[in-house]
Amino acid sequence: MPEFLVVVPTIRLHLEGFAETISHIEGSFTRPTEFHVLDGTGGKVPALNRAYHDLLLPSDCQFYATIDDDSLPTSGWQDAAVAAFADDPTLGIISPWLGNDDWSLDVMGRDSVGPWETLGNQRIRRLKPWRHIPGGLLTFRRECVLAVGPQPETGLAYEIYEDAWRGRVALREGWHSAYTENGSPLRFFNYVDDPEYLAQKEKDIAASRAQQDAVFDAARVGDPLSWRLRRMIAKLRGRG
């Protein structure tokens, strides 16, 4: 019986390097795993919602992982996540640490994590309240992903806040997130994307930003008042 259900939504089946990236992901599994590459042409969120209903709910898996199609995880990430979940019953979402270089720290958010701490036989960094893990590789405890449920679909193929939505709803439901230190940090493959995709992605990002607050507020996971006040002050000062 699979212990993990792992899904990769993608539109990059035709691109150079895709097969090798998927092979790398499969080679990183150390636990019994059911693995699916999802058709993401209609958007990542609809693809993950189909996986939730068609794959996750009928399964008996204990852990559910969503992996971006450019992620290159190090073998052992499953063991690290299982150990963290066993050592702290409040943890619902786990990701491998992305790295200590400037790019990785900026992506994760330098002020989004607490200090390194020892949990069992490994080190972790917990996400601060209302912060989130930015995609890449998210492993959910089954109880957590069921509490989060399917995500709202907006009609956009690319939504910048979908990882934030999942992390915030998990926190609303009492679950916390953390990075684990697992050998080499998570790496990424650099695809040469189609110009048409990149142009549409930019349009979707702008539309996604415009509706982000409304989507968060509908789920009762909007930005804290202090964050909104800071943004308002920055705009008044001409920095927004």
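This report concerns the structure included in the present document. Please read these numbers as outputs of a predicted model, since none were measured by experiment. Residue numbers run consecutively from 1 along every chain, following the written order of its sequence. Note on the predicted model: pLDDT of at least 70 is required for a residue's local features to be given, and 80 or more for side-chain atom pairs to be given and counted; whole-chain, interface and lining totals, by contrast, use all residues. For side-chain calculations, the full set of non-hydrogen atoms in the structure is used, while hydrogens and water are omitted.

### Thoughts on the overall build of the protein chain
Here is the rule we go by: Secondary structure elements follow DSSP: runs of H or I of four or more residues count as helices, runs of E of two or more count as strands, with numbering from the N terminus. With C-alpha atoms as the basis for the radius of gyration, the globule rule is written as 2.2 Å multiplied by the number of residues raised to the power 0.38. The cut-offs for exposure are 20% and 50% of the maximum accessible area for each residue type, with area from a 1.4 Å probe on protein chains only; residues under the lower value are buried, those over the upper are exposed, and the others partly exposed. Throughout, a contact is declared for two residues whenever any of their heavy atoms are within 4.5 Å. Using a 1.4 Å probe, the Shrake-Rupley method yields the accessible areas, and only the shown protein chains count as cover for residues. Charge counting follows a simple rule: Lys and Arg are positive, Asp and Glu are negative, and His as well as the terminal groups are ignored. By convention, the point assigned to a charge is CZ for Arg, NZ for Lys, CD for Glu and CG for Asp.
Helix and strand counts for the protein chain come out as eight helices and 10 strands. Here the C-alpha radius of gyration of the protein chain, 18 Å, is about what a compact globule of 240 residues would show, namely 18 Å. A total of 240 residues make up the protein chain; the buried ones form 49% of that total. Sequence-distant contacts in the protein chain: of pairs separated by 6 or more residues, those separated by 24 or more amount to 80%. For the protein chain, the exposed surface amounts to about 11800 Å²; the carbon and sulfur share of it is 53%. Looking at charge distribution, the protein chain has the averaged site of its 26 positive side-chain charges lying 10 Å from that of its 34 negative ones.

### Brief notes about the packing of helix H2 (residues 44-56) against helix H6 (residues 162-172)
Filter applied, for reference: Each axis is a line fitted through C-alpha atoms, and for a helix only the stretch in contact is used; angles between axes span 0 to 180 degrees, taken between their N-to-C directions. When describing relative orientation, an angle under 35 degrees is termed roughly parallel and one over 145 degrees roughly antiparallel, while 65 to 115 degrees is termed roughly perpendicular and anything else oblique. The classification used treats Ala, Val, Leu, Ile, Met, Phe, Trp, Tyr, Cys and Pro as nonpolar, Asp, Glu, Lys and Arg as charged, and all other residues, Gly among them, as polar.
Viewed as axis vectors pointing N to C, H2 and H6 meet at an angle of 45°, and their least axial separation amounts to 11 Å. Compared by their axis directions, H2 and H6 come out oblique. Across the interface between the two elements, Lys 44, Val 45 and Leu 48 from H2 touch Glu 162, Asp 163 and Arg 166 from H6. Considering only residue class, the contact of H2 with H6 consists of two nonpolar, no polar and four charged.

### Some details on the environment of Ser 184
Along the polypeptide, Ser 184 turns up in the loop between strand S9 (176-180) and strand S10 (187-188). For the pair Ser 184 and Trp 97, spaced 87 residues apart in sequence, the C-alpha separation works out to 8.6 Å.

### A look at the nonpolar core
Spelled out, the test is: Nonpolar core, defined: a set of buried Ala, Val, Leu, Ile, Met, Phe, Trp, Tyr and Cys residues in which side-chain atoms within 4.5 Å join the residues together.
In terms of nonpolar packing, the biggest core is built from 60 residues, with Val 6, Val 7, Tyr 64, Trp 77, Leu 91 and Tyr 179 touching the most fellow members. In terms of residues, this core owes the most to one element, H2, which gives six residues.

### Digging into the packing of aromatic side chains
Which entries qualify depends on this criterion: Think of it this way: a Phe, Tyr or Trp ring, Trp meaning its six-membered ring, pairs with another when their centres are within 6.5 Å, and the plane angle makes it stacked under 30 degrees, edge-to-face over 60, tilted otherwise.
A full pass over the atoms with the stated rule returns 11 aromatic pairs. Plain terms: the ring middles of Phe 29 and Trp 77 are 6.3 Å apart, the flat faces sit at 70° to each other, and that makes the pair edge-to-face. Here Phe 29 is found in the loop between helix H1 (18-27) and strand S2 (33-39), whereas its partner Trp 77 is found in helix H3 (residues 77-87), with 48 residues between them in sequence. Overall, Trp 77 belongs to the buried group, its relative accessible area being 2%. Geometrically, the ring pair formed by Tyr 161 and Phe 216 is edge-to-face, given 5.9 Å between the ring centres and 75° between the ring planes. Of this pair, Tyr 161 sits in the loop between helix H5 (142-148) and H6 while Phe 216 sits in helix H7 (residues 195-218); the two residues are 55 residues apart in sequence, bridging distant segments of the chain. With respect to burial, Tyr 161 and Phe 216 carry one shared label: buried. One aromatic cluster is present, built from ring pairs that chain together Phe 4, Phe 29, Phe 35, Phe 63, Trp 77 and Phe 85.

### Points about unusual backbone geometry
You will see that Trp 130, though not glycine, has its phi angle at about 70°, which is positive. Looking at the element boundaries, Trp 130 is found in the loop between strand S7 (122-126) and strand S8 (137-141). One non-glycine residue, Arg 220, lies in positive phi territory at about 60°. With respect to the helices, strands and loops of the structure, Arg 220 is situated in the loop between H7 and helix H8 (225-236).

### Notes on the sheet that holds S9
Basically, it comes down to this: The criterion for strand pairing is that DSSP finds at least two bridges linking the strands in question.
In space, the eight strands of this open sheet follow the order S2-S1-S3-S8-S5-S9-S7-S6, with mixed pairing throughout. Each end of this open sheet is capped by a strand with a single partner; those strands are S2 and strand S6 (117-119). Neighbouring strand axes in the sheet, compared pairwise and without regard to direction, differ in orientation by 30° on average. With two bridges connecting them, strand S5 (residues 91-96) and S8 associate as antiparallel partners.

### Some words on H2
All of the buried residues in H2 are Val 45, Pro 46, Ala 47, Leu 48, Asn 49, Ala 51, Tyr 52, Leu 55 and Leu 56. Here the buried face of H2 lies against strand S1 (4-10), S2, strand S3 (63-67), H5 and H6.

### Details of the environment of Gln 211
Where we set the bar: Here a polar contact is taken to be a pair of N or O atoms separated by no more than 3.5 Å, where protein atoms must pair a possible hydrogen donor with a possible acceptor and residues adjacent in sequence count only if both atoms sit in side chains.
Along the chain, Gln 211 falls in helix H7. Residue Gln 211 is classed as partly exposed on the basis of its relative accessible area of 24%. Leave out the neighbours within four places in its chain, and Gln 211 touches Thr 154, Leu 156 and Tyr 161. A polar contact of 3.3 Å, which involves the side chain of Gln 211, links it to the side chain of Tyr 161.

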